[in-house]
Amino acid sequence: MTDTALTPSPVDKRRNGIGRIVTASLVGTTVEWYDFFLYGSAAALVFNTAFFPTDDPLTGTLIAFLSYAIGFLARPLGGLVFGHFGDKLGRKRLLVLSLLLMGGATFAMGLLPTYAMIGAAAPILLTSLRLVQGFALGGEWGGAVLIVSEHGGAKHRGFWASWPQAGAPGGNLLATGVLALLAVVQSEEAFLAWGWRVPFLLSGVLVVIGLWIRISVSESPVFLAAQAAKAASGTKERPPIVEVFRTGWREVLGAIGLRFGENVSYYILTAFVLVYVTVQLELSKSLALNAVLIASAVHFATIPLWGALSDRIGRRAVTLVGAVGMAAWAFAFFVLVDSGDFWTVTLSVTVGLLFHGAMYGPQAAFVSELFDTRVRYSGAAIGSQLASIAAGALAPIVAVKLLADYGSSTPVSVYLCAAAVVTAITAAVIRETRGRDLTSDVRA
């Protein structure tokens, strides 16, 4: 390869602009999280009757959340497959594929017949599409944060890499906002009959927009440099999945620990709270949805601020603030929600999500900096998605089960606190990564 071939063209330079890269990642992750969270909200509000009808509302909701959790089971497989090919072929191609898979599955959900129409085939089809969603999202997170981390410099990496993280509350904001709007303009009967399909079908439009932006950016320069160096050396390397478990298993465990409390807290604060408010407190769906909507807007705006703070004081310190804060807030959270007052409920969710953001904002840069370039996609994807099974997939199920068994929120608070402590311990013992040169190999 000649020097000229390695020199970026003017077009490549424009495509490599950090603002453009961040926009492409943020829009793509927002669309994918919109699709994924839409299912969680619908599981709490609609699917328990439309696809999993039972005599007991909590039992129907529990079954709906089990189908929700199945999507998490597919995420590690998606992480393995996307991580392997992302480390072999590049970040960009796999990000385009993940968006297509996610959007297609979500759009198809909006066309599904319900249990009343075709019986048991309805929940089977729904669950199958949920598996496709999980597989796609399993490959999305690692690629989206890496392509930003590998384009930006070390000095402001925490800030820039936190923007794809903001896609999670951004997607939740969109999903909850659409559902909240429909709940206001439609009757309960119309919403359950057909209105819930609208946000799923809307996914098709969002995917087209996301693809248009995502296709326009160029590949990670760090990845391209690593590929060029490997080609020049002529050495044959092990498959990334083998290499990451052979040399980076400690980093994988670290990524799992960093994600654990963050995952559990997020799904309790945004998904389980919908069940708690509507079923346990017997308050309106609109109250719950609007509270989460406002809190998600604050969450979206503050995640980059936490990422920027991690550039100044370190990834570990900011993560510890979030984890310790969440452990304490776990007990105040339900006390405030039990008031039933809209603004008090909103405050409880907002403060909880602020502590979550302190764990989540630095996480993209933190996890990216743990791994070497040759296995970075595999390591980040596998670590994050294994955590999603142990934490995010089980969180709503465990919380609903604890509520059903004890009739109290206290066991849920203990569970949330314990999860946050796991992340606090991980952040306390793991090495600081702020300022790492991603082109270097720590094992070289």
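The text that follows walks through the structure, step by step, so that each part is easy to find.

Calculation criteria
- Residues numbered from 1 in each chain as written.
- Predicted model: local features only at pLDDT ≥ 70, side-chain atom pairs only at ≥ 80, totals over all residues.
- Heavy atoms only, no water.
- Helix = DSSP H or I, 4+ residues; strand = E, 2+ residues; numbered from the N terminus.
- Expected span 1.5 Å × (residues − 1).
- Buried < 20%, exposed > 50% of the residue type's maximum accessible area, 1.4 Å probe, protein only.
- Axes fitted to C-alpha atoms, helices over the stretch in contact; angles between N-to-C directions.
- Parallel < 35°, antiparallel > 145°, perpendicular 65-115°, else oblique.
- Contact = heavy atoms within 4.5 Å.
- Nonpolar A, V, L, I, M, F, W, Y, C, P; charged D, E, K, R; others polar.
- Patch = residues over 30% accessible without salt bridge, like charges linked within 9 Å, V, L, I, M, F, W, Y side chains within 5 Å.
- Areas by Shrake-Rupley, 256 points an atom, 1.4 Å probe, with all protein chains shown as cover.
- Salt bridge = Lys/Arg side-chain N within 4 Å of Asp/Glu carboxyl O.

**Some words on helix α20 (residues 395–406)**
Owing to its 3.6 residues per turn, the α-helix brings residues three or four apart onto one side.
Inference 1: Over its 12 residues, α20 runs 16 Å from end to end, which matches the ideal 16 Å to within 8%, given 1.5 Å per residue.
Inference 2: Inspection of α20 places A395, P396, I397, A399, V400, L402 and L403 among the buried residues, and these make up the whole buried set.
Inference 3: Downstream of α20 by a residue or two, G407 has a phi angle that is positive, lying close to 65 degrees.

**Some details on the packing of helix α16 (residues 315–337) against helix α21 (residues 410–429)**
Inference 1: Taken N-terminus to C-terminus, the directions of α16 and α21 make an angle of 170 degrees; their axes are 8 Å apart at the nearest point. Our classification of the angle between α16 and α21 gives roughly antiparallel. For the pair α16 and α21, the contacting residues are R316, T319, L320, A323, V324, M326, A327, A330, F331 and F334 in the first and V412, S413, V414, L416, C417, A420, V421, T423, A424, A427, A428 and V429 in the second.
Inference 2: In terms of residue class, the contact of α16 with α21 is made up of 18 nonpolar, 3 polar and 1 charged.

**Points about a nonpolar patch on the surface**
Inference 1: Together, L77, L80, V81, F85, L89, F245, W249, L253 and L386 line one region of the surface with nonpolar side chains, adding up to about 770 Å² of accessible area.
Inference 2: For the nonpolar patch, the secondary structure elements donating two or more residues are α5 (57–89) and α14 (249–280).
Inference 3: If one sorts the elements of the nonpolar patch by residue count, α5 sits on top with 5 residues.
Inference 4: Locating L80 in the fold gives a position in helix α5.
Inference 5: Residue class for L80 comes out partly exposed when judged on its relative accessible area of 34%.

**Regarding the environment of V273**
Inference 1: In this fold, V273 is placed in helix α14.
Inference 2: Sequence-wise, V273 and E189 are 84 residues apart; in three dimensions their C-alpha atoms are separated by 23 Å.
Inference 3: Excluding residues that lie within four positions of it along the chain, V273 makes contacts with I268, V292, F333 and V349.

Purely spatial values, then, with no claim about function.
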